[in-house]
Amino acid sequence: MKIISFVYCERIVQENQNLNIINPLNMIVPINMPTNYSFSISIGLYDIPANQTHNLKIELLSPSDEMIFEMPGEFKVDNDTEEKNAAQLNIDINNQVFKEYGEYKTKVYINGDVLGEYPIEVVKRNERV
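Below, the structure is looked at part by part. Residue numbers here run from 1 along each chain, matching the order of that chain's written sequence. Two thresholds apply to this predicted model, a pLDDT of at least 70 for residue-level local features and 80 or more for giving and counting side-chain atom pairs, whereas whole-chain, interface and lining totals are computed over all residues. The side-chain values count all of the structure's non-hydrogen atoms but skip hydrogen atoms and water molecules.

1. Section: the sheet that holds strand S4 (residues 35-48)
So, point 1. Any two strands between which DSSP finds at least two bridges are classified as paired. Comment: elements are numbered from the N terminus, with helices defined as DSSP H or I runs of at least four residues and strands as E runs of at least two. What the four strands build is an open sheet, ordered S2-S1-S4-S7; its pairing is antiparallel. The two strands at the open ends of the sheet, each matched to only one other strand, are strand S2 (18-24) and strand S7 (85-98). Neighbour-to-neighbour, the strand axes of the sheet open up by a mean angle of 50 degrees, direction not taken into account.
So, point 2. Inspection of the sheet shows S4 paired to S7 by 12 bridges, in the antiparallel sense. Across the sheet, the residue bridging to Ser40 is Asp92, located in S7. Angles shown run from 0 to 180 degrees and are taken between the N-to-C directions of axes, each axis being a line fitted to C-alpha atoms and, for helices, limited to the stretch in contact.

2. Remarks on the packing of aromatic side chains
So, point 1. Ring pairs shown here join Phe, Tyr and Trp side chains whose ring centres sit within 6.5 Å, with only the six-membered ring taken for Trp; geometry is labelled stacked below 30 degrees between planes, edge-to-face above 60, and tilted in between. As enumerated under the stated definition, the model contains seven aromatic pairs in all.
So, point 2. Measuring from ring centre to ring centre gives 6.2 Å for Tyr37 and Phe39, while their planes differ by 35 degrees; the resulting arrangement is tilted.
So, point 3. Think of it in three bands: with a 1.4 Å probe and only protein chains considered, a residue is buried below 20% of the maximum accessible area for its type, exposed above 50%, and partly exposed in between. Judged by its relative accessible area of 2%, Phe39 falls in the buried class.
So, point 4. Centroid distance Phe39 to Phe98: 6.2 Å. Interplanar angle 45 degrees. Geometry classified as tilted.

Following this line, the structure appears as structure tokens:
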């Protein structure tokens, strides 16, 4: 199993079969610090073993490696064929407290293994990267 896409964005809108990723984020630019900030994450997975329950954990770590958000869960892809399976996981993180500027990172765990680590900078409004 592997991650084939990962996007930070302002929000995700699902309309019928269409997934709309609204305003992808290269960085987070809060008005002040500390701050509460809402955003979404879209994760594409591929080559998922079918008909098994998979454990999922998402962690958001601060620049000082403090875990500031954790989301455990499970998912399952039901499929009776031998095809490689894919899934799209969308997560809303609402009013997350950010206490410092710097590089934050999101870690994605599947069945206890880290499948990926994705950084995002939180910068002062007048010091964009």
